[in-house]
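Here is what each chain is made of, one letter per residue.
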Amino acid sequence: AGNDAEITYYLGSETDLVIPDTIDGHKVIGLCSYAIDGWNENIKSITLPSALEYMEECAISYADITEISLPASVRELEPTAFGWCEYLCDIKVDEQNENYCSIDGNLYSKDKKTLVQYAIGKTDEKFEIPSYVENIADYALDSAGNIRDIKIPNSVKRIGVSALRTSAEQIYVPASVETIGIDAFCGCDELEGIIVDEDNPNYSDIDGVLFDKSGETFLQYPNGRAGTFYEIPDGTKKISRKAIVEA
């Protein structure tokens, strides 16, 4: 914006990439979509500019980095800003940043109410979402394939789009959840059941398959469920888009 600069695409071959604070006297404040992607297999570490303000979706994607440090200036990260960086196990945030923070290497909003991005390179097989989280952001745990057991607390109100793509065999949806985004559990190839708390006023499950509370809208079939035949229950009036994908 104005006299500031943004990175549109990196074509270099450095292993330890240091994005400059300025280019030809223009302050670097942004990374555009796919500015740094996995086609460049040389990159093993990235140092972000000190005045960086925003990263668009997939700004750093499929890169072989193990950690990243966000400066205090960052104010906006679009979903998948660190998309599918499979070795990323530590997201650090400057303590002076007013918008984001890091807890155990994972990225949260400053007020800790939103889990923004799980570092999918972690080897932990169990992840318990903290009880102060109300929103699991879009793609927050997309491709967190090492997780086989995930606990969602009764504080979470929203589960975002493609938010929980893990290797969990069962996911429990607490009574507090008000909104589940499309594809929230899509790609969970090990998922055998989606269990909804009976006190949830918005959702229900029928034998481990996700429906709305009335049981009239079929929302999500668990991909990892055994068997070659599924009979949609009587009373179902609507099948949501992508209710059965890769099953």
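Data block above holds the structure.
Definitions and limits used
Residues numbered from 1 in each chain as written. Predicted model: local features only at pLDDT ≥ 70, side-chain atom pairs only at ≥ 80, totals over all residues. Heavy atoms only, no water. Helix = DSSP H or I, 4+ residues; strand = E, 2+ residues; numbered from the N terminus. Core = buried A, V, L, I, M, F, W, Y, C linked by side-chain atoms within 4.5 Å. Buried < 20%, exposed > 50% of the residue type's maximum accessible area, 1.4 Å probe, protein only. Salt bridge = Lys/Arg side-chain N within 4 Å of Asp/Glu carboxyl O.

> It is not clear to me how the environment of Ile91 should be interpreted in this structure. Could you clarify?
Position of Ile91 among the secondary structure elements: in strand β11 (residues 90-93). Remark: the alpha-carbon pair of Ile91 and Tyr108, spanning 17 residues in sequence, is separated by 9.9 Å.

> Can you walk me through the nonpolar core in this structure?
As a rule of thumb, soluble globular proteins bury nonpolar side chains together. Formed by 34 residues in total, the largest nonpolar core has its most connected members in Ile136, Leu141, Ile159, Leu164 and Phe185. Counting only elements with at least two residues in this core, the list comes to β12 (100-103), β19 (170-173) and β21 (193-196). Ala5, Tyr10, Ala81 and Leu88 belong to the second largest nonpolar core, which has 32 residues in total.

> What's the story with the pattern of salt bridges in this structure? I'm lost.
Summed over the entire model, instances satisfying the criterion amount to 11 salt bridges. In this structure, the salt-bridge partner of Arg165 is Asp142, at a minimum N-O distance of 3.6 Å. You can see Arg165 sitting in the loop between β18 (158-159) and β19 and its partner Asp142 sitting in the loop between β16 (135-136) and β17 (149-151), a full 23 residues away along the chain. Judged by relative accessible area, which is 35%, Arg165 ranks as partly exposed. A residue is classified by how much of its surface remains accessible, and Asp142, at 7% relative accessible area, is buried. Put simply, Arg225 and Asp207 hold a salt bridge, and the shortest N to O gap is 2.6 Å. Here Asp207 lies in the loop between β22 (203-206) and β23 (209-212) and Arg225 lies in the loop between β24 (217-220) and β25 (238-239), a separation of 18 residues in the sequence. By relative accessible area, Asp207 is classed as exposed at 60%. Taken together, the shared-partner salt bridges in this structure form one network comprising Glu53, Arg75 and Glu76.

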